[in-house]
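Observations on the three-dimensional arrangement
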Amino acid sequence: MKDLLRPDLTFRLNGRLWVETADDRFMGIGRLELLMQIQEQGSISKAAQQMGMSYKRAWDLVSSMNAQAARPLVLTQTGGKRGGGTEITPEGQRMIEEFKGLQERFQAFMQAEASRIL
């Protein structure tokens with residue numbers, strides 16, 4: 001492919017990775033970041049704020065992930081003396097680890113292909 005590209009231009013190989021159904025996206029880099037922020041902040045609201053995202057958007061993403069997962073990835077607790085909170089379940093932690101690994105392998109693949117074709 002290298003010989004098909006103009007030498008005076010700089011090319012790069014670009015791509016993104018998602019896990020999705022025919023109807024909805026389940027996991028991607030943004031949802032991964034949201035899960036990691038929820039884990040760090042202990043709150044959907046704080047995670048959304050940290051990411052510059054509306055609370056409604058973050059809640060909708062969490063709801064979508066939980067609905068598509070075999071078991072919830074995120075648990076929420078409302079109000080009370082301590083003001084409630086949010087936690088990542090063991091399944092959510094596993095999803096973080098699995099998708100991070102998948103993302104790393106995908107990036108390695110993209111780098112290898114870029115070296116080969118560009």
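Quick look at the structure, then. Residue numbering note: each chain is counted from 1, following its sequence as written. Local features are withheld for residues below a pLDDT of 70 in this predicted model, meaning they are given only at 70 or higher, and side-chain atom pairs are given and counted only at 80 or more; totals for whole chains, interfaces and linings count all residues. Calculated side-chain values reflect all of the structure's heavy atoms, with hydrogen atoms and water omitted.

Per the secondary structure count, the protein includes 4 helices and 4 strands. Elements are defined by DSSP. Helices are runs of H or I of four residues or more, strands are runs of E of two residues or more, and each kind is numbered from the N terminus. Helices and strands in the protein line up, N terminus first, as β-β-α-α-α-β-β-α. C-alpha atoms define the radius of gyration, and 2.2 Å times the number of residues to the power 0.38 defines the globule rule. Taking 118 residues into account, the globule formula puts the C-alpha radius of gyration at 13 Å, and the protein, at 18 Å, lies well above it. Projected onto its principal axes, the C-alpha positions of the protein cover 65 × 30 × 25 Å. Burial statistics for the protein: of 118 residues in total, 30% are counted as buried. Each residue is placed in one exposure class: buried if its accessible area under a 1.4 Å probe, protein chains only, is under 20% of its type's maximum, exposed if it is over 50%, and partly exposed if it falls in between.

So, about the side chain of R31. Tracing the sequence through the fold places R31 in helix α1 (residues 29–41). For R31, a relative accessible area of 10% corresponds to the buried category. Separated by 3.0 Å, the side chain of R31 and the backbone oxygen of R25 make a polar contact. Once residues lying within four places of it in the same chain are set aside, the contact partners of R31 are D24, R25, F26, L61, S64, M65 and Q68. Polar contact criterion, stated in full: a pair of N or O atoms within 3.5 Å, where within protein one must be able to donate a hydrogen and the other to accept it, and residues adjacent in sequence count only if both atoms are side-chain atoms. Two residues form a contact once any of their heavy atoms are found within 4.5 Å.

Throughout this description, the term salt bridge denotes a Lys or Arg side-chain nitrogen within 4 Å of a carboxyl oxygen of Asp or Glu. Tallied over the entire structure, the rule returns 7 salt bridges. The residue R6 makes a salt bridge to D8 at a minimum N-O spacing of 2.7 Å.

Along the chain, Q37 turns up in helix α1. Those residues in contact with Q37 that sit more than four places away from it in its chain are G42, A47, Q50 and M51.

So, about helix α4 (residues 90–117). A helix is expected to reach a length of 1.5 Å times the quantity of its residues less one. Compared with an ideal rise of 1.5 Å per residue, which puts 28 residues at 40 Å, α4 spans 40 Å between its outermost C-alpha atoms and is within 8% of the ideal. Where α4 is buried, its residues touch β1 (19–20), β2 (25–27), α1 and β4 (85–88).

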